[in-house]
Amino acid sequence: MHPATRRNLILALVPLAIVAVFLQTRIDPTVADLNRGSRTPFAGLSTEFILGPLLGMQQAVAGLLWVRADEFFHEGDYDAILPMVRMVTWLDPHNLDVYITGAWHLAYNFTDASERSDRRYIPAAQKLLEEGDANNSGVYDIAFELGWQNTDKIKDYARAHHWYRLCAYERKGADAGGELTQPVPMFVWHQLAHSLARLGRIDECIEVWRKALAMSNELVRKDPKDYSRRNVRDSERHNLELTLKRKFSRYAHEIDWTLDSKRTRSTDPVTGSPTPMDACLFLSSQEIQRKAEQFRAVSAPAPAMSVGSPRPPAVVPQWETAFDVRPTFSADKVLDLKGQFNVGDGARVTIRLHDEKWRPPQLQAFTFNIDQDVTLMQDQHSVRQGTWGRKIDMSKDPKMYSFKSERYFLVFEFDPRGTSPFVQDRFGWSGEGMTDRKYLHVETDKNPPNRILRKVYRITRAQVLRREPITEADVFPSSEYVALQWGGPSRPDER
Amino acid sequence: MVTLAIAKQTLEEMLRRKILLILLIVAVAMIALGPSVGFLSPRESSAVLRSLGLAVILLAGLLITVLTGIQVIPTEIERRTIYTVLSKPVQRYEFVLGKFLGGLFTVFVMVASMGIVFLGVLRYQEGRFAPEMAQGVMMTFFQMTLLGALAIFFSTFATPVVNFFITFGLFIVGNLSSVTESLLQNKNIATRLVASAVHYAIPNFGNFNIQNKLIHPQVVIKNMNMFIMQNITYSLIYSAVLLILAIIVFDRREV
């Protein structure tokens, strides 16, 4: 090669190298976007899986690990699944199912001998989902799961509403080609409406049902033969009408639901008033007498009532629930409960026992590590014929219930917002129709205010171990308990 | 013309090699069997099928490229056929370029064959043509182009065994570009300097891994076409740098 040619070639290398470096600086941000949420590719992997990520095949290794995790699931080996979940999310931070399934395992599948969930894992489950949502913020899937977990498992309807709202208004679904152009499925809107009902925000709930119905009508108009969409549309119409009717019955004139199904021909689309009005009228003097007795029982003034006149709202007069419970420890760490609750069958009382100093943790980042010394038990029990009772044996699961603290709170709670619709038909969405001489706690800072029944005991380890009895002297003021737990007059609506 | 003649001869020679054909057959069989693994992962069968398919193409492409790149020049020297070639009016740079292009055509034929089978399997399994997956196959090809240039460069002065380990090692380091990129923000200045040197001097094979976007449609990239074009340009420019270096080194080499 001629020396001049060699020199020219060497000189040509300089601009080429500069262009290559420049291109790399332009490529880096997109690569960072692609790998958002992923960690060092070989972190935590066993040797047989290391080579794949090193050769740029993270997704393939993640897929194989996920297949293996599925095998563990079918073998019931839940403990083995969690580390794999963590590795798969590191290798492939865009695999939505891994976050969703991993969080489900954490929140639901670690249980004691009586199938009660180990609720210490719930903050970790939530954090895993939040991490997944941050890594996949264009789609609705993980945000929806956060909403569902808050609805179904945690019963924090305010947080559930936050996530459903985010899904409905700010997220998209993927079309057949994978592009994020599609509106979210209608079930997202349905859950948004349900969450508003659970928060007692009924007018907003009705508006969401109307919006969903309008969207479904449009979809049916475009494709009248799509029976699935027509079914969805019919469900929305039914739910809208039922919510309007329930609002009318609870806060305007109580509806006799048996009569309603037989005689009502149409429902006013704005007020929920049935036509004809038969189902909301006093049709006999016996009915009037029964209602008058309810007013007398709580010493409330009764309105003028005659045959043919409209009934007062279902939540009037307020119903004395006579909520109470007597807890004892019948053996070491075996809690024996006998309670009374003057309410229809099927209402559920929440029972919670936890260390005095335990507070709902706010995790900064996801971790599987939980404080094994914390004792946190939560259960629910249904009321039958005005009483309820249950034996909760915590002696068989020392890992879940270590009882290392000296003091505990034992809490019994009824939240009308989480109860069944037929119980709400008497009490209203926010407990407007119930009262209790001893244990009513009104969350006045909420809109609308929520009326909760709560009895709190502060007990000691000696009482848990049956060295001392639990007495009414151990009852702790509900408002002080709430202030200790959540630092305010009530549980916060939005965290 | 001379360059293309050498490239054609190299392609024919490579396609006669049983080891490469066996690799191709095994890879095609693995892609075809992909659906049987996919169903094991409920609701994610499509993602597993796609990720495994792309991984098989990458792995097979990697082996084919390295085996081709490390052998094309040393074999000619070992068999002494290079004397016959260079005694003709053939420039050394034409020889190097011809060998590189021959190897590249071989890789193209292999990767394209696997890609066609892969797209066919996806069409059969998912009931629709998935043109976006062709992008993944194309990116693998340009990744292999860069790797092939690297192997050719080292083959001008290193033995095939040494070349194999160097090329393979640099491929691994180049795949860690996301790690070196994150180290560019490190507080330690020495770490930052080393990371910069590695990140910008070593070919970044990790740039070409777009499986995330292809497997999970919800991953949004601002301008995918621009990103692909940048990577293709990067591959071609970096390959040009390596080939110039190879020509300079080979020109001075005693054969």
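All residue numbers here refer to positions counted from 1 along the written sequence of the relevant chain. Chains and ligands are labelled sequentially in the order written, the chains with letters from A and the ligands with numbers from 1. Only residues with pLDDT of 70 or above have their local features reported here, since the model is predicted, and side-chain atom pairs are shown and tallied only from 80 upward, although totals for entire chains, interfaces and linings are computed over all residues. With hydrogens and water stripped out, all remaining heavy atoms of the structure feed into the side-chain values.

Peer 1: Just checking my understanding: could you explain the overall build of chain B for this structure?
Peer 2: Starting at the N terminus, helices and strands are each numbered in turn, a helix being any DSSP run of H or I of at least four residues and a strand any DSSP run of E of at least two. Helix and strand counts for chain B stand at 13 helices and 0 strands. Relative to a compact globule of 255 residues, whose C-alpha radius of gyration would be 18 Å, chain B shows 20 Å and is just as compact. Overall size of chain B, expressed as C-alpha extent along the three principal axes, is 60 × 50 × 30 Å. The cut-offs for exposure are 20% and 50% of the maximum accessible area for each residue type, with area from a 1.4 Å probe on protein chains only; residues under the lower value are buried, those over the upper are exposed, and the others partly exposed. Each of the 255 residues in chain B was classed as buried or not, and the buried ones make up 56%. The long-range share in chain B, meaning contacts at least 24 apart out of those at least 6 apart in sequence, stands at 80%. A total accessible area of about 11200 Å² is found for chain B, and carbon and sulfur atoms account for 69% of it. When charges are counted, Lys and Arg contribute as positive and Asp and Glu as negative, whereas His and the chain ends are disregarded. Throughout, a charge is located at the NZ atom of Lys, the CZ atom of Arg, the CG atom of Asp or the CD atom of Glu. Distance from the positive charge centre (19 side chains) to the negative charge centre (11 side chains) of chain B: 3 Å. Between the two quantities, the radius of gyration covers C-alpha atoms and the globule rule is 2.2 Å times the number of residues to the power 0.38. Residues are treated as being in contact if the distance between any of their heavy atoms lies within 4.5 Å. For accessible areas, the Shrake-Rupley method is used with a probe of radius 1.4 Å. Any residue's cover is judged against the shown protein chains and nothing else.

Peer 1: Would you explain the pattern of salt bridges in this entry?
Peer 2: Should their charged atoms come close, side chains of opposite charge can pair. All names here are of chain A. The salt bridge definition used is simple: a Lys or Arg side-chain nitrogen within 4 Å of an Asp or Glu carboxyl oxygen. Counting across every chain of the model gives 42 salt bridges over all chains. Here Arg326 ties to Glu472 by a salt bridge, and the two come within 3.2 Å at their closest N and O atoms. Here the residue Arg326 occupies a position in strand S4 (residues 324–331), and Glu472 occupies one in the loop between helix H15 (461–464) and strand S13 (475–476), the gap between them amounting to 146 residues.

Peer 1: Sorry, what's going on with the packing of aromatic side chains here?
Peer 2: Think of it this way: a Phe, Tyr or Trp ring, Trp meaning its six-membered ring, pairs with another when their centres are within 6.5 Å, and the plane angle makes it stacked under 30 degrees, edge-to-face over 60, tilted otherwise. Summed over the entire model, instances satisfying the criterion amount to 26 aromatic pairs over all chains. Considering the side-chain rings of A:Phe323 and A:Phe341, the 5.1 Å spacing of their centres and the 80 degrees angle between planes classify their relative orientation as edge-to-face. Of this pair, A:Phe323 sits in the loop between strand S3 (319–320) and S4 while A:Phe341 sits in the loop between strand S5 (334–340) and strand S6 (348–355), and the two are 18 residues apart along the sequence. For A:Phe341, a relative accessible area of 0% puts it in the buried group. Between B:Phe171 and B:Phe205 the ring centres are 4.9 Å apart and the planes differ by 50 degrees, which places this aromatic pair in the tilted class.

Peer 1: Please clarify how the pairing of strand S9 (residues 407–414) of chain A should be interpreted in this entry.
Peer 2: Along a regular strand, successive side chains alternate from one face of the sheet to the other. Residues and elements named next belong to chain A. Across the 8 residues that make up S9, a large majority, 7, are buried. Sheet analysis places S6 next to S9, joined by 6 bridges and oriented antiparallel. Across the sheet, residue Ile351 finds its bridge partner in S9, namely Phe412. Two strands are counted as paired when DSSP detects at least two bridges linking them.

Peer 1: I tried to follow unusual backbone geometry on my own but got confused; where do I start?
Peer 2: With the exception of glycine, most residues fall at negative phi, and the peptide bonds are largely trans. All names here are of chain A. The omega angle of the peptide bond from Thr275 to Pro276 is -5 degrees, so this bond is cis rather than trans. Residue placement: Pro276 occurs in the loop between strand S2 (274–275) and helix H13 (285–297). A cis amide bond links Asn447 with the next residue in sequence, Pro448, at an omega value of 0 degrees. For Gln385, which is not glycine, the phi dihedral falls at a positive 50 degrees. Within the secondary structure layout, Gln385 lies in the loop between strand S7 (376–382) and strand S8 (387–393). The phi dihedral of Arg466 falls on the positive side, at around 65 degrees, and the residue is not glycine. With respect to the secondary-structure elements, Arg466 resides in the loop between H15 and S13. A residue is classified by how much of its surface remains accessible, and Arg466, at 48% relative accessible area, is partly exposed.

Peer 1: How do you make sense of the environment of B:Gln125 when you look at a structure like this?
Peer 2: All names here are of chain B. Tracing the backbone through its elements, the reader meets Gln125 in helix H7 (residues 92–126). Here Gln125 falls in the partly exposed class, since its relative accessible area comes to 41%. Remark: the alpha-carbon pair of Gln125 and Arg16, spanning 109 residues in sequence, is separated by 33 Å. Contacts of Gln125, omitting those with residues within four sequence positions, involve Pro35 and Leu49.

Peer 1: Can you walk me through the nonpolar core in this structure?
Peer 2: Buried together is how nonpolar side chains tend to be arranged in soluble globular proteins. Counting residues in hydrophobic clusters, the biggest one holds 86 residues, and the most contacted among them are B:Ile73, B:Met114, B:Phe118, B:Met133, B:Leu147, B:Ile152 and B:Tyr234. Per-element accounting of this core gives the leading share, 15 residues, to helix H13 (residues 224–252) of chain B. Non-local contacts of B:Met114, meaning those with residues more than four positions away in its chain, are made with B:Leu24, B:Ala27, B:Val28, B:Ile31, B:Ile57, B:Ala60 and B:Gly61. Core analysis: the next-biggest nonpolar cluster, separate from the first, contains 61 residues, A:Met84, A:Val85, A:Phe110 and A:Phe144 among them. As used in this record, nonpolar core signifies buried Ala, Val, Leu, Ile, Met, Phe, Trp, Tyr and Cys residues forming a set joined through side-chain atoms within 4.5 Å.

Peer 1: Would you mind going over the side chain of A:Gln126 with me for this structure?
Peer 2: Residue and element names in this part refer to chain A. Here Gln126 lies in helix H6 (residues 122–135). Take Gln126: its relative accessible area is 4%, and that puts it in the buried class. If near-sequence neighbours (up to four positions away) are discounted, Gln126 is found in contact with Leu146, Gln149, Asn150, Ile154 and Arg159.

Peer 1: Would you mind showing me how to read the packing of helix H1 (residues 2–15) of chain B against H7(B) here?
Peer 2: Residue and element names in this part refer to chain B. Each axis is a line fitted through C-alpha atoms, and for a helix only the stretch in contact is used; angles between axes span 0 to 180 degrees, taken between their N-to-C directions. Across the interface, H1 lies against H7 with an axial gap of 7 Å and an inter-helix angle of 45 degrees. In this view, H1 runs oblique relative to H7, as classed from their interaxial angle. Between H1 and H7 lies a crossing of right-handed hand. Of H7, the residues touching H1 (which contributes Val2, Thr3, Ile6, Ala7, Gln9, Thr10, Leu11, Glu13, Met14 and Leu15) are Glu94, Phe95, Leu97, Gly98, Lys99, Leu101, Gly102, Gly103, Phe105, Thr106, Val109 and Met110. All residues other than Ala, Val, Leu, Ile, Met, Phe, Trp, Tyr, Cys, Pro, Asp, Glu, Lys and Arg, Gly among them, are scored as polar; the first ten of these are nonpolar and the last four charged. For the contact of H1 with H7, the residue count by class is 12 nonpolar, 7 polar and 3 charged. Reported orientations rely on four angle classes, namely roughly parallel under 35 degrees, roughly antiparallel over 145, roughly perpendicular from 65 to 115, and oblique for the rest. Note on convention: the crossing is left-handed when the near helix lies turned anticlockwise from the far helix by less than a right angle, right-handed when the turn is clockwise.

Peer 1: Sorry, what's going on with the sheet that holds S5(A) here?
Peer 2: Residues and elements named next belong to chain A. In spatial order, the strands read S4-S5-S8; together these 3 strands make up an open sheet with antiparallel pairing. Because the sheet does not close on itself, it has two edges, and the strands there are S4 and S8. For this sheet, the mean inter-axis angle between neighbouring strands, taken without regard to orientation, is 15 degrees. The sheet contact formed by S5 and S8 spans 7 bridges and is antiparallel. The residue of S8 that forms the bridge with Gln340 is Thr387.

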